[in-house]
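# Structure at a glance
Okay, here's what each chain looks like letter by letter:
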Amino acid sequence: MSEWKFNRDAIRAFRFVRCGFDAQSGVAQLVYAFDDGPELIETITVPGAPFALDGARAAAVERALRLLHLITGVSYYKAAVPEEIRIDSYAIDADTAAFLETIYVNGLGEFAYRNGLNLHGRIKFPHGETAAPAAPVLGLREHALVAIGGGKDSLVSIEALRALDVAQTVTWIGGSQLIRACAERTGLPTLNIGRALAPQLFDYNREGAWNGHIPVTAVNSVIMVLAALLHGVDQVVFSNERSASYGSLIEGTGEVNHQWSKGWAFESALGDYIQREIAADLHYYSLLRPLSELAVARQFTRTDRYDAHFSSCNRNFHILGERPANRWCGVCPKCHFVFLALAPFMPKPRLMGIFGRNLLDDTAQTGGYDALLEFQDHKPFECVGEGRESRAAMAALAGRPEWREDALVERFAQEIRPQLDEADLRIEPLLVIDDEQRIPPRLWERLRAHLAA
Ligand SMILES: CC(=O)N[C@H]1[C@@H](OP(=O)(O)OP(=O)(O)OC[C@H]2O[C@@H](n3ccc(=O)[nH]c3=O)[C@H](O)[C@@H]2O)O[C@H](CO)[C@@H](O)[C@@H]1O[C@H](C)C(=O)N[C@@H](C)C(=O)N[C@@H](CCC(=O)O)C(=O)O
Ligand SMILES: Nc1ncnc2c1ncn2[C@@H]1O[C@H](COP(=O)(O)OP(=O)(O)OP(=O)(O)O)[C@@H](O)[C@H]1O
């Protein structure tokens, strides 16, 4: 074993070695390996231990833990993408294997595209023939664990749940101080779940591992599912908007969605899987699924409570490396998009106060905005709205005296708009509330009324 060296081209198999949960400490261990190389151990720490789990709930925790083990493996599998996948210590059914193959192939879509790999047909999870029995009703109490990511979206959900009097715990994974500050600003109960990746992954990255984007929302979702079962609550709430279901259209390749695990296909598949195979009364849903990015942005402007605390700029969220000095780097696709999406709905001085500058009057950002508008470029691989949303937001600003003379708005009006169909530039159709969602029916009508107000 001491002779083993990471060599991505020589590796034959990726192994799901074992997983375990210690109810006394609240620590889950997820163990993987390549061939007979060293164990790669990821740990998840759920506060609130010791957990007293009865028979049915303990069994549901074990099923959630295995699903977490299987999904979280994507971070390690991607380092070598070997031909064989082995599961050493338990068996899975065909339904689970098919679900995992969907997550790995689609969730690694951007990774595969950027690395010139074809994962279709390559990822096969070994499975048995027996189907799992139907999941029981556990009698979970009515309470929501709401994921918070430090950006605008989760804050919109938290305020909506507050308005509807739904009991909630604001929950996040990892050590981000920015997320902590937003969570504390809500004034609601909080839960911070620890996550430590196996340290060897960073060595492997330096030693030539394949690297790239992973479906991190899938990982966070199942961590939250495990935490919900441990705390005995019946809802895991995310804030993934309708626009996340649409990827970047790449000429010659087709659609590649950076945000695949924020999309509807993933949400509906995971939500159904949980109720079928883990706990029939555990509801996983996105509160913002009926809304576009622009509609979420409009909702965000309803309160200024978080203006001095939130950031959607992903540069804040690196595990390793530098963070921007002032929450908004101002040059990445998320900064570009959030500035543009908020602008039609927020007084200009408030928006300038949040970002500390006017991104739409900065010609250095022209290329970034062209990509968002899908003008001579494709939509960036980032969590940004659809091209039609960016175009409609620009068109709205072009009609406003306070914005129309800003360099990039003026450029849009003069150079890009004449090439577009005016009928496609209306903002109102993009603000319509959609019906494709899996919000519990007891909440949906009240939520719809709140969002429409
Ligand atoms: C913060 C960020 O955007 N990170 C992405 C970046 O990683 P980078 O190397 O610059 O730094 P770290 O985040 O510190 O990661 C170090 C290495 O660790 C590996 N890794 C990390 C987390 C994980 O869960 N699994 C991992 O394997 C990875 O090898 C890193 O190199 O670039 C990476 C490569 O493209 C991305 O994988 C990093 O993305 C993070 C996983 C991440 O948390 N990103 C979110 C901010 C994010 O992209 N969210 C999406 C949600 C959509 C979805 O679920 O698919 C979004 O906002 O659109
Ligand atoms: N560290 C984290 N822990 C738990 N949930 C997270 C974490 N990071 C992101 N999420 C959740 O993942 C989903 C997608 O994240 P995303 O970054 O789009 O949302 P956000 O941070 O709320 O808003 P924005 O889009 O403005 O950045 C959201 O539901 C968010 O709450």
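As the structure is a computational prediction, the values presented were derived from the model and not from experiment.

## With respect to the overall build of the protein
When helices and strands are counted, the protein shows 16 helices and eleven strands. Per-residue burial for the protein yields a buried fraction of 57% across its 453 residues. In the protein, 72% of the contacts between residues at least 6 apart in sequence involve partners at least 24 apart. Treating the 46 positive side-chain charges of the protein as one cloud and the 57 negative ones as another, the clouds have centres 4 Å apart.

## Quick look at the site of ligand 2
In the neighbourhood of ligand 2, 20 residues make up the surrounding shell, with Ser154, Ser239, Lys262, Ser312 and Lys334 lying closest. The side chain of Lys262 places a nitrogen or oxygen atom 2.6 Å from an oxygen atom of ligand 2. For ligand 2, whose accessible area on its own is 590 Å², the fraction buried by protein is 91%. Secondary-structure elements contributing two or more residues to the shell around ligand 2 are α5 (152-163) and β6 (168-173). Two domains each put at least three residues into the shell around ligand 2: domain 1 (8-286) and domain 2 (293-314 + 327-431).

## Overview of the packing of aromatic side chains
For any pair of aromatic rings, geometry is given as the distance between the ring centres together with the angle between the planes. Going through the model one piece at a time under the given rule, you end up with 24 aromatic pairs. Summarising the aromatic geometry, the rings of Trp4 and Phe6 are spaced 6.5 Å apart at their centres and angled 65 degrees between planes, so their arrangement reads as edge-to-face. On the numbers, 5.7 Å between centres and 45 degrees between planes, the contact of Phe16 with Phe125 is tilted. Within this pair, whereas Phe16 is found in strand β1 (residues 13-22), its partner Phe125 is found in the loop between α4 (109-115) and β5 (141-147), the two being separated by 109 residues in sequence.

## Remarks on the environment of Thr363
By secondary structure assignment, the location of Thr363 is in the loop between α12 (348-355) and α13 (366-372). C-alpha separation for the pair Thr363 and Phe266, spaced 97 residues apart in sequence, amounts to 38 Å. The contact partners of Thr363, leaving out residues within four places of it in the chain, are Ala407 and Leu408.

## Quick look at the site of ligand 1
Taken together, the neighbourhood of ligand 1 is formed by 24 residues, with Ser75, Asn211, Thr217, Ser261 and Ile319 sitting nearest. Contact between ligand 1 and Gly212: an oxygen atom at 3.4 Å from a main-chain N or O atom of the residue. Between an oxygen atom of ligand 1 and a side-chain N or O atom of Asn314, the distance comes to 3.3 Å. Relative to its unbound accessible area of 950 Å², ligand 1 is 82% covered by the protein chains. A class-by-class count of the residues in the shell around ligand 1 yields ten nonpolar, eleven polar and three charged.

## Here we look at unusual backbone geometry
Residue Pro50 is reached from Ala49 by a cis peptide bond, and omega for that bond is 0 degrees. With respect to the helices, strands and loops of the structure, Pro50 is situated in the loop between β3 (40-45) and α1 (55-72). One non-glycine residue, Asp35, lies in positive phi territory at about 45 degrees. Among the structural elements, Asp35 can be located in the loop between β2 (27-34) and β3. The phi angle at Val81 is positive, at roughly 35 degrees, despite the residue not being glycine. Position of Val81 among the secondary structure elements: in the loop between α2 (74-77) and β4 (84-87).

## Considerations on the packing of helix α10 (residues 293-300) against helix α11 (residues 333-342)
Running from amino to carboxyl end, α10 crosses α11 at an angle of 70 degrees, the nearest separation of the two axes being 9 Å. By the angle between their axes, α10 is roughly perpendicular relative to α11. Relative to α11, the crossing made by α10 is right-handed. In this structure, α10 contributes Glu293, Leu294, Ala297 and Phe300 to the contact, and α11 contributes Phe337, Ala341 and Leu342. Here the contact of α10 with α11 is built from residues that sort into six nonpolar, no polar and one charged.

## Remarks on the UniProt feature "domain: MurL N-terminal" (unreviewed entry) in the protein
With numbering matched to this structure, UniProt assigns "domain: MurL N-terminal" (unreviewed entry) to residues 6-287. Span residues 6-287 is 37% helix and 23% strand, its end C-alpha atoms 42 Å apart.

## Points about the sheet that holds β6
Here nine strands make up an open sheet; going across it, the order is β4-β1-β2-β3-β7-β6-β5-β8-β11 and the pairing mixed. Bordering the open sheet on either side are β4 and β11 (283-286), each of which pairs with just one other strand. Across the sheet, the mean angle from the axis of one strand to that of its neighbour is 20 degrees, orientation sign disregarded. Across six bridges, the pairing between β2 and β3 is antiparallel. In the strand pairing of β3, Val31 is matched with Ile41. Here helix α6 (residues 177-186) sits on the sheet in contact with β6 and β7 (190-196), set at roughly 175 degrees to β6.

## Some points on the nonpolar core
With 81 residues, the main nonpolar core has Phe6, Phe16, Phe34, Phe125, Leu229 and Leu282 as its most contacted residues. No other element matches the eleven residues that helix α8 (residues 216-231) contributes to this core. Sequence-distant contacts of Leu229, that is, excluding residues within four places in its chain, are made with Arg57, Ala60, Val61, Ala64, Leu138, Leu140, Ile278, Ala279 and Leu282. Within the second largest apolar cluster, 73 residues are counted, among which are Trp172, Tyr285, Leu291 and Leu451.

## Concerning the pairing of strand β8 (residues 233-238)
With six of six residues buried, β8 lies mostly within the body of the structure. Pairing of β5 with β8 involves four bridges; the strand directions are parallel. Paired with Arg141 across the bridge in β8 is Val233. Here β8 pairs with β11 via four bridges, running parallel. From the neighbouring strand, Gln235 faces β11, where its bridge partner is His283.

About the thresholds
Residues numbered from 1 in each chain as written. Chains lettered and ligands numbered in written order. Predicted model: local features only at pLDDT ≥ 70, side-chain atom pairs only at ≥ 80, totals over all residues. Heavy atoms only, no water. Helix = DSSP H or I, 4+ residues; strand = E, 2+ residues; numbered from the N terminus. Buried < 20%, exposed > 50% of the residue type's maximum accessible area, 1.4 Å probe, protein only. Contact = heavy atoms within 4.5 Å. Lys, Arg positive; Asp, Glu negative; His and termini not counted. Charge placed at Lys NZ, Arg CZ, Asp CG, Glu CD. Near = heavy atom within 4 Å. Polar contact = N/O pair within 3.5 Å; in protein donor to acceptor, adjacent residues only side chain to side chain. Areas by Shrake-Rupley, 256 points an atom, 1.4 Å probe, with all protein chains shown as cover. Domains from an automatic or database assignment. Phe/Tyr/Trp six-rings, centres within 6.5 Å; stacked < 30°, edge-to-face > 60°. Nonpolar A, V, L, I, M, F, W, Y, C, P; charged D, E, K, R; others polar. Axes fitted to C-alpha atoms, helices over the stretch in contact; angles between N-to-C directions. Parallel < 35°, antiparallel > 145°, perpendicular 65-115°, else oblique. Left-handed = near helix turned anticlockwise from the far one by under 90°. UniProt positions renumbered as here; feature names shortened; annotations may be inferred. Pairing = 2+ DSSP bridges. Core = buried A, V, L, I, M, F, W, Y, C linked by side-chain atoms within 4.5 Å.

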